[in-house]
Each structure stands twice: as C-alpha cells, then as structure tokens.
Amino acid sequence: MLSNKSDLPKLIEGTTVRETTTITPDPEKLTIASYNVENFSAKTDDAKVTKLAQAIVQNLKQPDIIGLVEMQDNDGETDSGNTNADQSFARLINKIKELGGPEYAYTDIAPENNRDGGAPGGNIRVGFLYNQDRVSLVEGTKGTATQAVGFENGKLTLNPGRIDPTNPAFDSSRKPLAAQFKFNGKSVIVIANHFNSKSGDFPLFGKVQPPEFKSEAKRLEMARIVNNFVKDVQSKDPNANIVVLGDFNDFEFSNPLKTLKGNELTNMIEKVPAEERYSYTHQGNSQVLDHILVSNNLAQSTIVDIVHINSSFMEVHGRASDHDPVLIQIQLGATQPKYDKVYNLVGFSTKKLTIQAANSLINMDGTSVIREGIWLKNSATVKGEGLKNTKIVISPTSKDAVIDLSGAEVKEVLIDNANVKEIKGAENVQLWTVTNGVDTSNIIFKDSKGEVISPVTLPSLSKGSAEINLCRSFLFVL
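Residues numbered from 1 in each chain as written. Predicted model: local features only at pLDDT ≥ 70, side-chain atom pairs only at ≥ 80, totals over all residues. Heavy atoms only, no water.

Q: Any chance you could break down the overall build of the protein for me, citing the residues and the numbers?
A: Helix and strand counts for the protein come out as six helices and 32 strands. The C-alpha atoms of the protein give a radius of gyration of 24 Å, which matches the 23 Å a tight globule of 478 residues would have. Each principal axis of the C-alpha distribution contributes one length, and for the protein these read about 75 × 70 × 45 Å. Put simply, the protein has 478 residues, and 53% of those count as buried. Expressed as a percentage of contacts within the protein between residues at least 6 apart in sequence, the contacts between residues at least 24 apart total 57%. (Helix = DSSP H or I, 4+ residues; strand = E, 2+ residues; numbered from the N terminus. Rg over C-alpha atoms; globule rule 2.2 N^0.38 Å. Buried < 20%, exposed > 50% of the residue type's maximum accessible area, 1.4 Å probe, protein only. Contact = heavy atoms within 4.5 Å.)

Q: With reference to specific residues and values, describe helix α2 (residues 86-98).
A: Its 13 residues give α2 an end-to-end C-alpha distance of 18 Å, which sits within 8% of 18 Å, the value for a rise of 1.5 Å per residue. The inward-facing, buried residues of α2 abut β1 (30-40), α1 (46-59), β2 (65-71), β3 (104-108) and β4 (125-131). (Expected span 1.5 Å × (residues − 1).)

Q: I'd like a description of the pattern of salt bridges, backed by residues and values.
A: Tallied over the entire structure, the rule returns 20 salt bridges. Taking the shortest distance from any N to any O, the salt bridge between Asp-64 and Arg-134 comes out at 2.7 Å. With Asp-64 in the loop between α1 and β2 and Arg-134 in the loop between β4 and β5 (135-137), this pair connects stretches of sequence that are 70 residues apart. Among the salt bridges present, the one from Asp-108 reaches Lys-142, with a minimum N-O distance of 3.9 Å. (Salt bridge = Lys/Arg side-chain N within 4 Å of Asp/Glu carboxyl O.)

Q: Quick one: what's the story with the packing of aromatic side chains, residue by residue and with numbers?
A: This structure, assessed with the given rule, holds six aromatic pairs. Ring plane angle 85° and centroid distance 4.9 Å describe the contact between Phe-195 and Phe-248, whose orientation is recorded as edge-to-face. Taken together, the residues span a long stretch of sequence, with Phe-195 in the loop between β10 (186-194) and α3 (216-236) and Phe-248 in the loop between β11 (242-247) and α4 (255-261) at a distance of 53 residues. Phe-248 carries the same exposure label as Phe-195, and that label is buried. Aromatic rings pair up to connect Phe-128, Tyr-130 and Phe-181 into one cluster. Geometry around Phe-251 places Lys-198 over its ring, the cationic atom sitting 4.6 Å from the centre. Between the NZ or CZ atom of Lys-352 and the centre of the ring of Trp-375, over which it lies, the distance is 4.4 Å. (Phe/Tyr/Trp six-rings, centres within 6.5 Å; stacked < 30°, edge-to-face > 60°. Lys NZ or Arg CZ within 6 Å of the ring centre and 35° of its normal.)

Q: Kindly report on the nonpolar core, identifying the contributing residues and their values.
A: In this structure, Ile-32, Ile-65, Val-190, Val-243 and Ile-328 are the most contacted members of the largest nonpolar core, which totals 33 residues. Looking at this core, the element that brings in the most residues is strand β9 (residues 177-183), giving four residues. Once residues lying within four places of it in the same chain are set aside, the contact partners of Val-243 are Ile-32, Val-188, Ile-189, Val-190, Ile-191, Ile-292, Leu-293, Val-294, Leu-298, Ile-328 and Ile-330. If you look at the next biggest cluster of nonpolar residues, it comprises 31 residues, including Leu-345, Ala-357, Met-364 and Val-429. (Core = buried A, V, L, I, M, F, W, Y, C linked by side-chain atoms within 4.5 Å.)

Q: Pulling in residues and values, what's your account of the sheet that holds strand β24 (residues 380-383)?
A: If you trace the six strands from one edge of the open sheet to the other, you get β18-β21-β24-β26-β28-β30, paired in parallel fashion. Two strands bound the open sheet, and with one partner strand each, they are β18 (341-345) and β30 (444-446). For this sheet, the mean inter-axis angle between neighbouring strands, taken without regard to orientation, is 10°. Pairing analysis gives four bridges linking strand β26 (residues 401-404) to strand β28 (residues 420-424), with the strands arranged parallel. From the neighbouring strand, Asp-404 faces β28, where its bridge partner is Lys-424. (Pairing = 2+ DSSP bridges. Axes fitted to C-alpha atoms, helices over the stretch in contact; angles between N-to-C directions.)

Q: Any chance you could break down unusual backbone geometry for me, citing the residues and the numbers?
A: Pro-160 follows Asn-159 through a cis peptide bond whose omega is 0°. Considering the arrangement of structural elements, one finds Pro-160 in the loop between β7 (155-156) and β8 (161-162). Its identity is not glycine, yet Asn-39 carries a phi of approximately 55°, on the positive side. Phi angles above zero are rare outside glycine, and Asp-400 is one such case at about 65°. We classify Asp-400 as exposed; its relative accessible area is 54%.

Q: Could you give an account of the pairing of strand β20 (residues 352-355), with specific residues and numbers?
A: Looking along a regular strand, one sees side chains alternate from face to face of the sheet. Burial along β20 is two-sided: Lys-352 and Thr-354 and Leu-353 and Ile-355, pointing in opposite directions, are all buried. For β20 and strand β23 (residues 374-376), the ladder comprises three bridges, and the chain directions are parallel. Looking at the pairing, Thr-354 lines up with Trp-375 of β23.

Q: Requested: an account of the side chain of Asn-428, with residues and values cited.
A: Mapped onto the elements, Asn-428 comes out in the loop between β28 and β29 (432-435). A polar side-chain atom of Asn-428 sits 3.1 Å from the main-chain carbonyl oxygen of Leu-405. (Polar contact = N/O pair within 3.5 Å; in protein donor to acceptor, adjacent residues only side chain to side chain.)

Q: Tell me about α3, and please be specific about residues and values.
A: With 21 residues, α3 ought to run about 30 Å at 1.5 Å a step, and its terminal C-alpha atoms sit 31 Å apart, in line with that. Where α3 is concerned, the buried positions are Glu-216, Arg-219, Leu-220, Met-222, Ala-223, Ile-225, Val-226, Asn-227, Phe-229, Val-230, Val-233 and Gln-234.

Q: Describe empty space enclosed by the protein, listing the residues and the values that go with them.
A: One pass over the full model with this rule turns up one cavity of 30 Å³ or more. In this structure, the largest cavity spans a volume of roughly 30 Å³. Along the walls of the largest cavity sit Ile-23, Pro-25, Thr-31, Leu-60, Lys-61, Pro-63 and Leu-327, which together make up its complete lining. Considering only residue class, the lining of the largest cavity consists of five nonpolar, one polar and one charged. (1 Å grid on protein atoms, 1.4 Å probe; cavity = no way out; pocket = protein on both sides within 12 Å on 5 of 7 lines; lining within 4 Å. Points joined across faces, edges and corners; volume = space filled by probe spheres on them. Nonpolar A, V, L, I, M, F, W, Y, C, P; charged D, E, K, R; others polar.)

Q: Tell me about the sheet that holds β4, residues and numbers included.
A: Sheet strands associate in pairs through backbone hydrogen bonding, adopting either a parallel or an antiparallel arrangement. Pairing is mixed in the open sheet, where six strands are placed in the order β3-β4-β2-β1-β17-β16. With one partner strand each, in any of the chains shown, β3 and β16 (302-306) form the two edges of the open sheet. Each adjacent strand pair in this sheet contributes to an overall mean axis angle of 20°, direction not counted. Its contacts with the sheet put α2 on β1, β2, β3 and β4, and the angle it makes with β3 is roughly 160°.

So, to be careful, I would describe these as geometric facts and stop short of saying anything about function.
Here you go:
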C-alpha cells in the first residue's frame, strides 16, 4: 500500500549545525587533520569540490598538514589503467586557494592499477596536502608503489614511502604512507592509513549475537605492521615525533586500534568527550572510524577536535563526505613534565593501591585491575586505559595538591578531603562523589586543555561507609 504525501507528517528541521573547530591557529603550534573525502577525483562535481574546500578553509581553519583518504586517480572510476592523481589533487588545491586558503602542495604514491581496492579504475590512495608557508617536506627520494620505507640516521629512507607495501595483509587494500615534514625546525613523521572495510561483517544489532567481525583479522595484521614500524623508528630515535592518522574502519576500543596503539602511541580520540566521539554513522550508529594517534612524547602537548560537518547531515545541509574530519594541534618541542616517581602498571592486580610519593605519574594499562581504587596522597598525574574501570580517591596528606586526570576516561572520583587545590581533566570523570562534610568550594576544576570549567556536581558519601571500605581493603602502598 502506498502512502499519500499529503498524509505524511510535516518535516521539522532539526537545530544541529555544522561545526567549526574550536582549535585556534597558532604560529608556534602544528595543526594536522585527517579527512576521508569519499572517492574524490578530478571528475568530482563542482558542488562537492567547493564544499570540501570551504570546510578546509573555514571549518578546519586551514590545517598545516592534511592526511587525505580516498583520493582517486585523475579519471576517477574509469578503468583506463591510469593511476596518477596529480589533477585530482590540483582540483582541490586550486579551489582552496580560490576560497581564500593557502596554496597547498601535495605528495602521494600512485598505486599499481586496481591493486588497492575501492571502485574499479578509481585507484584510491592516501596522500597529504601541506602548507608550504608553514611546513616543508624533508628532502628525500620518493618511493614507488612496491618499495618499503625504513628509518635510518634520523630520516625516512624514502620520503614519502609506503610501509611494507608487498605484505599480503595489504592485498587489495591501501598501503600506509609515511612522510617526514619540518615545522619550525622540528621534524615530524606522519603516517596516513586506510584500513580494509567491515564489508562482510555481521551487523551490530543483527540476529546473530554476538556479531562476527570476519574483516577484523586483516585490520589486526595491518595494525601490527604499522605499530612495528613505529617501534623501529623509536628504537633508533626515542624522541621521534610521530603522528598516525586515517580511516581505520574500526573503533577506539577494538583489538586493531589497541594493537596499533600498543605502548608506543596515544590515541587522541580517547580524549574526546564520549558524546562527541563519532566521525561516521552506519545503520543508525554514530561511531568513530577516523583516528589520530601520536607518539607518547607528544600526548601532553596535543589537543584534538572531531569537527562534525558531515556524518550528521545530508547533502542539502552542506555534507560533502560520509566522514567527519579529525584535527589535532601539537606544541612540538614543548617541555615535558618531570615526575619524581613513575609507576607503569601493566597486568597489575590488587584490591587497593595507595600512592604516597609526591609529583607521581601513574600509567595504568587496560589489563590492570585495582578493585577498590587508587588512593592519591599527594599531587599526581594518573592516566591509562585501565582508569575507565577504576575508582580514584583524592585524599592528600598536605595542602595544595594538584591532580591531573586529563590522560584518560575515569570511572569514579571520590574527594576524601579538602587538601586539593586543582583537578585537571575533570570532564573525563564519569561519576563524582565527596566524603560528607568536605568543603569542595575552593577546588579549581579544569578541563584537559587547562581551561577553568564550572564546578562539577558532587554528591556526598557518608564518612562511615568510606571507613568501612578502607578497613576491609588490602593495602598496597607505593
């Protein structure tokens, strides 16, 4: 039975608007974006070209480096045997300049014909735009489709170069592309990726539960290869600045992303508030497929923003792709915090952990379990994936303690006394409680960027119940 248009309810427009990044350009800070431009070629229609260029100029505020995903060759999905994409890149570059942006340069490596998946004849690949007024591509030899890049004497052996391109894990899929840039005299290696899709996987809410993810095995192997490349670079230069970005076709909590991150990288997506953490919508599910990871030495000096301009909108509202771009800003060479004590908790398990040392850093990985929480007796920085299942009790023994929780999502924080001056990363805490009678009015709450935010709601917890828990806990003191 057909419905009559006149019988349908009136369409009511929503109030959601396309975003502009909150990250402000800074001459001393490097901005890097990841953007899946959905099968872009020199044949792409003018409307889409304009929308993409406008987004780069206005919504992303002209990033210094842009990792582009799904760039097609010059004749798009015409299976001509051509794989060159110089005209495709030029089409976007020229439109950006026309709309008031900088004149970007580009670099990529053309794939072998129909060897990297995607639409037949399209020869999609990853590549980079970079603003030559801000950054430069380090001088080097450009690699071919089948040459593997390495790292020697502080430089990539090919620039740009593909990571292990002949490995069977990358059959019929895109090969990761590494490029080395200079910004304000400092070097940064950026690796662009486009892992295989979830094609063939069962739907999240289908009749088979739990759903099977047959495509994951290939992404897992890709992740190992890229992570091993990062490890190799860091073994030769522990202070190397590395950024890994792209469309990974998987979630931040998935096995491939955990493998990619390893102990070497920090996934900046995990620092995005949960309600903002999406870049793609599939079967009604808002999810993250696009990520930017940074080497751990950059994590504390990097901020992130997912700029929602596509995934929640239709073409009539300005959508130009099916993915939202992700943007980071890095203070390269920023002075890293120095800690008097560092505790790296890997596979650690206990009932209760008490940290007595002042100015401590506690890294808690996802395999560690502290069942009754971490007691902080002094100023401390706490981070790591394991915190999302862990309670933290702030109970300093001296005044003016500073607690930094900006490193990860935290399950719960209990403020046990008033000897705390400042709590940073307050937006990462899922549940707050306060011991009855403790005055929290003088505590300064800040977000992960260091900006003061409104005091959080702090429901009280009776001191008696807290003391009962303390008495029955096994005490592990560091």
